[in-house]
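A structural walkthrough
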Amino acid sequence: MKTTIFKNTKIAYSEQGKGTVVVLLHGFLENQLMWDDFVPEFSKKYRVITIDLLGHGQTECLGYVHSMEDQADMVHHVLHELKIRKAILVGHSMGGYVALAFAELYPDTMKGLVLLNSTSRADSDERKRNRDRAIVAVKQNYSAFVRMSIANLFSEDNRDRLAEQIERVKLEALKTPLQGVVAALEGMKIRNDREVILHFAPYPILLILGKKDGVLIYGDNLEQIDGTKVQLKSFADGHMSHLENKKQLMKVLLEFFKGV
């Protein structure tokens, strides 16, 4: 694990391997350890960077709201420090929102984009209200909120099969400080719609969705790629494809990297 300082804030990241750069961005309540099963395989052919986003993992909080632009600027700071000029960005859920903000702010750095269980669309009014409710809930009972949030990310069929992994994800999530949780919820709530990137980006884009995702409704998410060249890969399970469909995801990502 390496660290750097961005706006007086400690940022934790790791790098491994050589070749085309692949940046892996985790989701809400996760950290760079979510990629542990993927990095050894990817780093055989690629230079793999994993980063703890603001207020998550070993990275400190920057403020009371972590906007997707703040997160993107931080990612850019890490890449700049490593003298990286072009990269493929892979973002899971909130990591996808960060990757899209990065693509908007630093288009020349983009070599390819993967949105994993993520969307280019802004929160609906209903989802914004849900974020506000989540902020109240996490302040009232942090542990209960985190545990329930994680359980809901898996399709019901997998909750017994993956009970052990789910417990591990919960324990990692419980390391996220309250301020980091709230700042991320506030940041996701105010994020911009970036669907235009899917229509006009000059680099390849892959959207990976779970058909039983309880967070991002499958049918609604298909609409955003109508009339685009975005590649689509659908898995049978929930929001946590890196655990629920690990082998398939590994194969799909390696194929995408090879084609970029």
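Attention now goes to the pairing of strand β4 (residues 47-51). In terms of residue burial, β4 counts as a mostly covered element, since four of its five residues are buried. Direction of pairing for strand β2 (residues 9-16) relative to β4: antiparallel, over a ladder of four bridges. Looking at the pairing, Ser 14 lines up with Thr 50 of β4. The pairing of strand β3 (residues 21-25) with β4 spans five bridges and is parallel. Bridge pairing links Val 21 to Arg 47 in β4.

This part covers empty space enclosed by the protein. Counted according to the given criterion, the structure contains one cavity of 30 Å³ or more. Quantified by volume, the largest cavity comes out at close to 40 Å³. Lining the largest cavity are Tyr 97, Leu 100, Thr 119, Ser 120, Arg 121, Arg 191, Asn 192 and Arg 194. Within the lining of the largest cavity, the residues separate by chemical class into two nonpolar, three polar and three charged.

A few words now on the nonpolar core. Grouped together as the largest cluster of nonpolar side chains are 63 residues, with contacts concentrated most on Val 23, Ile 51 and Val 75. Looking at this core element by element, the count peaks at eight residues for helix α3 (residues 94-105). Contacts of Val 23, omitting those with residues within four sequence positions, involve Ile 49, Ile 51, Val 75, Leu 79, Ala 87, Ile 88, Leu 89 and Val 90. Core analysis: the second largest hydrophobic core is formed by 22 residues, Val 22, Phe 42, Val 252 and Phe 256 among them.

What follows is about the side chain of Lys 170. One can find Lys 170 in helix α7 (residues 163-173). No salt bridge forms around the buried Lys 170; measuring N to O, its nearest opposite-charge neighbour Glu 167 is 4.4 Å away. Those residues in contact with Lys 170 that lie beyond four places of it in its chain are Val 146, Arg 147, Ile 150 and Ala 151.

Attention now goes to the pattern of salt bridges. All told, the structure shown has 17 salt bridges when counted by the stated rule. One salt bridge connects Asp 157 with Lys 212, and the closest N-O pair in it is separated by 2.5 Å. Of this pair, Asp 157 sits in the loop between α5 (142-151) and α6 (158-161) while Lys 212 is found in the loop between β7 (205-210) and α10 (218-223), placing the two residues 55 residues apart along the sequence. Salt bridges sharing common partners tie together Asp 123, Arg 127, Arg 131 and Arg 191.

Thresholds applied
Residues numbered from 1 in each chain as written. Predicted model: local features only at pLDDT ≥ 70, side-chain atom pairs only at ≥ 80, totals over all residues. Heavy atoms only, no water. Buried < 20%, exposed > 50% of the residue type's maximum accessible area, 1.4 Å probe, protein only. Helix = DSSP H or I, 4+ residues; strand = E, 2+ residues; numbered from the N terminus. Pairing = 2+ DSSP bridges. 1 Å grid on protein atoms, 1.4 Å probe; cavity = no way out; pocket = protein on both sides within 12 Å on 5 of 7 lines; lining within 4 Å. Points joined across faces, edges and corners; volume = space filled by probe spheres on them. Nonpolar A, V, L, I, M, F, W, Y, C, P; charged D, E, K, R; others polar. Core = buried A, V, L, I, M, F, W, Y, C linked by side-chain atoms within 4.5 Å. Contact = heavy atoms within 4.5 Å. Lys, Arg positive; Asp, Glu negative; His and termini not counted. Salt bridge = Lys/Arg side-chain N within 4 Å of Asp/Glu carboxyl O.

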